[in-house]
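# Reading the structure
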Amino acid sequence: MDVYVMGVAIHPAADAIRDRRLEEMAYSTARAALDDAGVQRKDIDHVTLAGSDEIDARGISSMLLAAPSGAYLKDEMRVADSGLTGLQLGAMRAGAGDLQLGLVVSWNQSSLGPLEDIARMRAEPFYLRPVGLNFAIADGLFANAMAQHRGVTEAAVAERVRMRLAAAAANPRAIRRAVPGAADIAGSPLISYPLRAGHRAPVTDGAVAMVLASGAWVRAHPDKRPLARIAGIESAIDRYQLNGERLSGLKIFEDTLQAVLKRAGLGSVDELDVIELDAQNAWADVALVDSMKAGNSVAISPSGGAWAQNPYFCNGLLNAAEVVLQVSGRAGTHQVPGAGRALAHGTSGFAQQMHSFVAMEGIGS
Amino acid sequence: MTQHHNVAVIGVGQTAFRSRYDEKTYPELAQDAVALALADANLQPEQVDAVVFSMAPTTFMGVADADKWAVDYTWARGKPFMRVHTGGATGGSALQAAHAHVASGQYGTVLVVGADRITETPDAQFVLNLIWDPFYEQDFALNTVTMTALATQRYMHKYATTEEQYANVVVRARRNALNNPSAHLKGAIDIDAVMASQRISWPYKLFDICPRSAGAAAVVVTNETLARERCTRPAFITGTSGVSNTVFMGDRMSPSADTDFADFSELKIAARECYRQAGITDPMREVQTVEIYDPFSSFQFPQLESLGFCASGTAQRLSDEGAFDMNGQVAVNPSGGTLCTNPIGVTGLVRAAEAARQVMNRAGAMQVPGVHNAIATAIGGSTQFFTVTMLSDEPRRAATSA
């Protein structure tokens, strides 16, 4: 795509942000992204938001969040799937010819509302809601399918948790957490067989913003240096039914991965330097990593992934911000040396019904 | 050079709209609209590359992931999928999001679909009270009726508009809707009937207010090459724009405010950009029909003025004179508009679908002769989200590529 990332901002992470309203989080993050890009709000012509009414506990979330996110008297629209979907729409808007410089903003303050209650209201009312479906149960069904059909073991899952937490310890933007022993993870409460509490990434509060520019804008402003080019976007959604095929197969994930690589002009996943995965639990992390069949040269979730911070709704956009920082050499202590091509992944829906990818390329790569 | 692909509507579908659809689930309703749109576009589901779902607050129906529930029913499995939500403007924004999918060159053919079932909740206006800020405005007994009644009072104060002039808008809408097989409310009524209907919130009477509708709509958009292959007269999307304002109404009526709550002056900003893209300089001469978002009888005058069809404060006189009738200077809402049908999550999409049908010469008994350009608007939030979309019989500029 002829679309570039000019600036990024990640709100400081916390398990619960209680001293700021969501509107204040969105404002400060959007403001920081504009500063990072070296542009002002008056310079932008559009804003793309990603937010969930239910998680935000607001009847129409963007009524309150649009203006603080920079959209006052701007061309704004919102998606309600995930932060990474917002980036995808933002990229298409900036690439469509009429809009030149825009913000993408997403947020999550789910510490104020129980996610599992929201999950129950997401389920259709005839079959799934009466059985009490929520995220934990959907993830447990997925984990069991991975164990039975793909041979994922609880030991491998525990090791993955430890690995991610160890990586997060080197990430300056991560919440500090101790790395538990394998026995502690194995002894953690059983949530939904075989998913244990210790297998899940703790959900955190946070916000992410990004400034996007069309190629035309970049060429007209040679004094502004892009951080990355959006090399490709792809996404696909799977069926709603949590049947055996849906739970045990990763076809949508695998097909969409290949599609985004093609969009980015890459022949294989091994041509990437970094992948930041959106895995809400280590069963998903192990299964998705295995299915990618990436070689050792690809750093997968060097940030620590969702175990570094996990602002549930905008975790995919956080991954995109992390890979922009990687390909622009600004990731910090977990910088992957020479990272030039990177992939951000995001999910939404029960048991990863939708997979989204954004491929980023460093300038000069 | 940044890519720009011309984009056109080649098929639309909508169910009949009515109070309830007890015999169908939400995804079944959405599926009905998709089947109609695909048939209208002469396409099979596998020829759709991506799906944009148009769904506003889910609280009316009580299923927060209704869009994802509808994936299998709308043949979206394995495809890119996103849900757009900008309150009442959702359908307008969803169509513009689909336009970006195609104009950017990312996808060739995109389906926009949505459904709504407002009457699933016993009191939609209680739900709508919850959209406001809980600290400043929620306790102020606000809902969409009382909120827009305040704006209407301000407009009446500025321009000496009468209740009868609003009633005349209702009479025209219900009369136009007689030609629309999908309309929820329709009929030959007179101004006295509107004036005699139950008082709800001054100056609104019951007939000044839209119904709560259930139903679904879908639109197929594609690039110029495919459009010319598949459709004898596509409706090209030649202008797309939107403007968002602050939620706070008080900030839109002070002497130093950037916009005026009564005038919907945000639409002036959006229309200017839309007209720039479409090459429109004199809308009254160049645009033959509009499908504007009018859930209340007072929504037509400020929109027509901000869209540049007439000067501020003059739309009421032109309306009285018949300028906005089917055979007037510009045919306003030949479908009957939102006053006759309001399934909130897809209302903006219905506006665009009806405008496209006018350009495609497929509007049946609603058809306005010789339509070259048609405008669709949508409005959402605390009348703070605005979209303007231009549908035209030909693209107004050449496509460009990188």
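Not measured: the values here are computed from a predicted model.

### Considering the side chain of N373 of chain B
Residues and elements named next belong to chain B.
- Within the fold, N373 resides in strand β11 (residues 373-380).
- Only 2.7 Å separates the side chain of N373 from the side chain of S392, close enough to count as a polar contact.
- At a separation of 2.8 Å, a polar atom in the side chain of N373 contacts the side chain of R396.
- When residues no more than four places from it in sequence are discounted, the contact partners of N373 are I280, E286, V287, Q288, T289, M390, L391, S392 and R396.

### Description of the state of the cysteines
Residue and element names in this part refer to chain B.
- This structure, assessed with the given rule, holds zero disulfides over all chains.
- Here C274 is not cross-linked by a disulfide; its sulfur's nearest cysteine counterpart is in C310, at 17 Å.
- Judged by its relative accessible area of 0%, C274 is buried.

### Some thoughts on the pattern of salt bridges
- Evaluation of the coordinates by the stated rule reveals 52 salt bridges over all chains.
- Two residues, D223 of chain A and K224 of chain A, come together in a salt bridge whose shortest N-O distance is 4.0 Å.

### Quick notes on the environment of T144 of chain B
All names here are of chain B.
- Tracing the backbone through its elements, the reader meets T144 in helix α5 (residues 144-159).
- Sequence separation between T144 and A315 is 171 residues, and the spatial gap between their C-alpha atoms is 23 Å.
- If we skip the residues at most four places from it in the chain, T144 touches Q125, L128, W132 and F296.
- Within the local environment of T144, its side chain forms a polar contact with the side chain of Q125, the two groups lying 2.9 Å apart.

### Concerning the packing of aromatic side chains
- Scanning the entire structure with this criterion turns up 13 aromatic pairs over all chains.
- Geometrically, the ring pair formed by F135 of chain A and F350 of chain A is tilted, given 5.8 Å between the ring centres and 50° between the ring planes. Of this pair, F135 of chain A sits in helix α7 (residues 135-150) while F350 of chain A sits in the loop between β11 (341-348) and β12 (354-362), and the two are 215 residues apart along the sequence. Across this residue pair, the class does not change: F135 of chain A and F350 of chain A are buried.
- Arranged with centres 5.9 Å apart and planes meeting at 40°, the rings of F53 of chain B and F81 of chain B form a pair that is tilted. Taken together, the positions of F53 of chain B in strand β2 (residues 50-54) and F81 of chain B in strand β3 (residues 81-84) put the pair 28 residues apart, joining distant regions of the chain.
- When its relative accessible area of 2% is taken as the criterion, F81 of chain B is described as buried.
- Each member of the aromatic cluster is reached from another via a ring pair, and the members are Y204, F264, F296, F299 and F386 of chain B.
- Here R263 of chain A stacks its cationic end above the ring of Y107 of chain B, 5.2 Å away from the centre of that ring.
- Positioned above the aromatic ring of Y21 of chain B, the side-chain terminus of R18 of chain B is 3.8 Å from the ring centre.

### Brief notes about the interface of chain B and chain A
- Listed per partner, the contact involves 63 residues of chain B and 59 residues of chain A.
- Interface area for chain B against chain A, summed over the two sides, is near 4,800 Å², with a carbon-plus-sulfur share of 56%.
- Our enumeration of links across chain B and chain A arrives at seven salt bridges.
- Across the salt bridge formed by D72 of chain B and R239 of chain A, the nearest N and O atoms sit 3.8 Å from each other.

### Comments concerning the pairing of strand β7 (residues 206-214) of chain A
All names here are of chain A.
- Counting buried positions along β7 yields nine of nine residues, so the element is predominantly enclosed.
- Residues of β7 alternate between two faces, with G206, V208, M210, L212 and S214 on one and A207, A209, V211 and A213 on the opposite face, all of them buried.
- Two elements, strand β1 (residues 3-10) and β7, share seven bridges in a ladder whose sense is antiparallel. Within β7, the residue paired with I10 across the bridge is V208.

### Examining the nonpolar core
- Counting residues in hydrophobic clusters, the biggest one holds 169 residues, and the most contacted among them are L87, M210, I230 and M360 of chain A together with V9 and V221 of chain B.
- Here V9 of chain B is in contact with V219, V220, V221, P234, A235, I237, A356, M360 and L391 of chain B, once residues within four sequence places are set aside.
- If you look at the next biggest cluster of nonpolar residues, it comprises 100 residues, including I118, V170, V287 and I375 of chain B.

The rules behind each value
Residues numbered from 1 in each chain as written. Chains lettered and ligands numbered in written order. Predicted model: local features only at pLDDT ≥ 70, side-chain atom pairs only at ≥ 80, totals over all residues. Heavy atoms only, no water. Helix = DSSP H or I, 4+ residues; strand = E, 2+ residues; numbered from the N terminus. Polar contact = N/O pair within 3.5 Å; in protein donor to acceptor, adjacent residues only side chain to side chain. Contact = heavy atoms within 4.5 Å. Disulfide = S-S within 2.5 Å. Buried < 20%, exposed > 50% of the residue type's maximum accessible area, 1.4 Å probe, protein only. Salt bridge = Lys/Arg side-chain N within 4 Å of Asp/Glu carboxyl O. Phe/Tyr/Trp six-rings, centres within 6.5 Å; stacked < 30°, edge-to-face > 60°. Lys NZ or Arg CZ within 6 Å of the ring centre and 35° of its normal. Buried area = accessible area lost by both parts, 1.4 Å probe. Pairing = 2+ DSSP bridges. Core = buried A, V, L, I, M, F, W, Y, C linked by side-chain atoms within 4.5 Å.

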